[in-house]
Each structure stands twice: as structure tokens, then as C-alpha cells.
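One-letter residues, chain by chain:
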Amino acid sequence: MRKKVENCYFLKGRDGLILEAILLGLLVGKMRGGKLKRLTPSVLRFSWIIFFAFALQIGISIMNFLGHPFFIQHRMMAYVVSYVLLFLSLFLNMDFKCMWFIMVGAIANFAAIMLNGGSMPVDLMVLENLGFENMLNSIQQGALPHYIPLEEAGAYTRYLGKSLSMPDIYPLKQIFSIGDLFISAGIFFLIQNMMIPSVYNRTSKIIRFDHKAKVFK
């Protein structure tokens with residue numbers, strides 16, 4: 001029953017927000033004349049580290065939702081490894097200005113988790129208002145140890161917890177943190193930078209020659 005109750009949460013939090021940022025980034029990039037073929041990992045330095053870090057974080061969340069005792073017990077170390085890899089890969093790609101958004105968001109989420117013993121603070125009132133009763137009950141019963149009520153968060157970290165939601169007019173209900181918002185914004189702009197020809201050429205530093213051997217960019 002627990003798996004059935006919680007398996008849809010990924011579209012209610014950060015992962016759903018990131019998915020929407022990717023889809024919106026692709027749509028806007030295409031409307032601005034961007035090319036999907038330019039979305040290649042080779043544009044980023046050590047792109048495999050970025051993908052591995054995000055995949056590791058998603059894997060940690062899934063194992064915690066499933067109640068795997070090893071991951072629950074060692075989630076702090078797992079989070080440290082995933083965020084260190086993420087910070088390293090972001091630092092190596094800071095020539096993309098939008099990476100600063102992702103970096104700030106990642107630091108905010110990392111601080112919220114580390115300063116609360118490996119658990120992310122969540123506003124239970126927002127969960128109730130959004131109708132996420134299953135998740136609310138699971139947190140209150142301690143069935144989701146990687147989340148804690150916002151009022152139990154350490155000093156100042158409650159401002160970094162998951163306490164934000166979309167306006168009522170928005171069709172998809174989600175709860176997310178300020179860090180999640182920065183990460184999603186950074187991903188949206190990163191897709192634009194990679195898809196749009198002028199930005200792509202400048203970023204990849206391509207030098208071409210015309211038929212008279214004159215150099216131009």
C-alpha cells in the first residue's frame with residue numbers, strides 16, 4: 001500500500017518541477033529557432049558527472065520511499081557524495097552563466113538537508129492545502145524519514161525547506177523549495193543556451209574560415 005500511496009510524489013515535488021522546466025525549455029528553445037540536435041552532452045564538461053549526480057539523488061529518494069533500511073541509515077553520506085559530484089560538475093561549467101542558478105539552488109537544498117540530519121523540511125500545512133494527505137500522514141507517522149515537518153527544522157533552514165506551491169490556477173499541484181525553483185530556472189535557461197545557434201557557437205568557441213581564408217566567428 002505504501003508504494004502505491006507514495007509512488008506518484010516525484011511529479012509533485014522537485015522532480016516534477018525539473019521535468020516541466022525541461023519541457024518548457026525545449027518548447028521555448030524551439031520557438032526561438034533553436035535546434036534539438038545541439039542538445040548533446042559534449043557541450044558540457046564532464047557531463048556524465050552531472051547526470052550521475054542527479055541519477056544518484058533520484059535513486060536515494062526512491063530507496064527512501066521504498067523504505068530500504070541501508071539507504072535510510074546511510075542517506076547522509078549518500079547525499080554528501082551526490083552533492084559533491086554535482087558541485088564539482090557545475091563548477092567546471094560556470095562559463096554558462098545559468099549554472100549559477102543551479103549552483104545556488106543546489107547549495108540551498110544541500111544546506112537544508114545537511115543541517116537537519118539528512119532530512120528535508122516540509123511544510124505540512126501546504127501539503128494539507130494541496131490535498132497531499134497520503135504524504136502528510138506518512139511524514140507524521142515517520143514512514144518517510146528523509147522528510148521532517150517544517151516546524152522541526154533547524155534555525156533558518158525552514159526558509160530553505162519545501163514550503164512553496166504553484167498558484168491555484170496552475171493545473172498541476174506541486175510543493176517545492178526555493179532551491180528547487182533556482183535549479184529548475186537554471187535548467188530552463190541552460191537548454192536555451194544549448195539550443196540557440198548564436199549562444200551555442202559562442203559557448204563552444206567554434207572558429208570558421210571563409211573561401212578567402214579570413215577568420216570569422
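The notes below deal with the structure included here. (Residues numbered from 1 in each chain as written. Predicted model: local features only at pLDDT ≥ 70, side-chain atom pairs only at ≥ 80, totals over all residues. Heavy atoms only, no water.)

### What about the pattern of salt bridges?
Consideration 1: In this structure the tally under the stated criterion is 2 salt bridges.
Consideration 2: Ionic pairing is found between Lys162 and Asp180, a salt bridge with its closest N-O pair at 2.7 Å. Taken together, the residues span a long stretch of sequence, with Lys162 in the loop between β2 (147-149) and β3 (164-165) and Asp180 in helix α9 (residues 178-195) at a distance of 18 residues.
Consideration 3: The class of Asp180 is buried, set by a relative accessible area of 1%. (Salt bridge = Lys/Arg side-chain N within 4 Å of Asp/Glu carboxyl O. Helix = DSSP H or I, 4+ residues; strand = E, 2+ residues; numbered from the N terminus. Buried < 20%, exposed > 50% of the residue type's maximum accessible area, 1.4 Å probe, protein only.)

### Side note on the nonpolar core
Consideration 1: In this structure, Met99, Leu127, Ile139 and Tyr147 are the most contacted members of the largest nonpolar core, which totals 43 residues.
Consideration 2: Among the secondary structure elements, those contributing two or more residues to this core are α3 (47-65), α5 (75-91), α6 (99-114), β1 (120-122), α7 (124-130), α8 (133-140) and α9.
Consideration 3: Non-local contacts of Ile139, meaning those with residues more than four positions away in its chain, are made with Val122, Leu124, Leu127, Leu144, Tyr147, Ile148 and Pro149. (Core = buried A, V, L, I, M, F, W, Y, C linked by side-chain atoms within 4.5 Å. Contact = heavy atoms within 4.5 Å.)

### Description of a nonpolar patch on the surface
Consideration 1: Nonpolar side chains collect at one region of the surface, where Phe101, Val104, Phe182 and Phe189 lie side by side and expose about 320 Å² of accessible area between them.
Consideration 2: Of all the elements in the fold, those that place two or more residues in the nonpolar patch are α6 and α9.
Consideration 3: Here Phe101 is to be found in helix α6.
Consideration 4: When its relative accessible area of 35% is taken as the criterion, Phe101 is described as partly exposed. (Patch = residues over 30% accessible without salt bridge, like charges linked within 9 Å, V, L, I, M, F, W, Y side chains within 5 Å. Areas by Shrake-Rupley, 256 points an atom, 1.4 Å probe, with all protein chains shown as cover.)

### Overview of the packing of α5 against α6
Consideration 1: Two elements in contact, α5 and α6, have axes separated by 10 Å at closest approach and are oriented at 165°. Relative to α6, the element α5 is oriented roughly antiparallel. Remark: the crossing between α5 and α6 carries left-handed chirality. Residues Met76, Tyr79, Val80, Tyr83, Leu86, Phe87, Leu90 and Phe91 of α5 form the contact with α6, whose participating residues are Met99, Ile102, Met103, Ala106, Ile107, Asn109, Phe110, Ile113 and Met114.
Consideration 2: Here the residues of the contact of α5 with α6 are counted per class, giving 16 nonpolar, 1 polar and no charged. (Axes fitted to C-alpha atoms, helices over the stretch in contact; angles between N-to-C directions. Parallel < 35°, antiparallel > 145°, perpendicular 65-115°, else oblique. Left-handed = near helix turned anticlockwise from the far one by under 90°. Nonpolar A, V, L, I, M, F, W, Y, C, P; charged D, E, K, R; others polar.)

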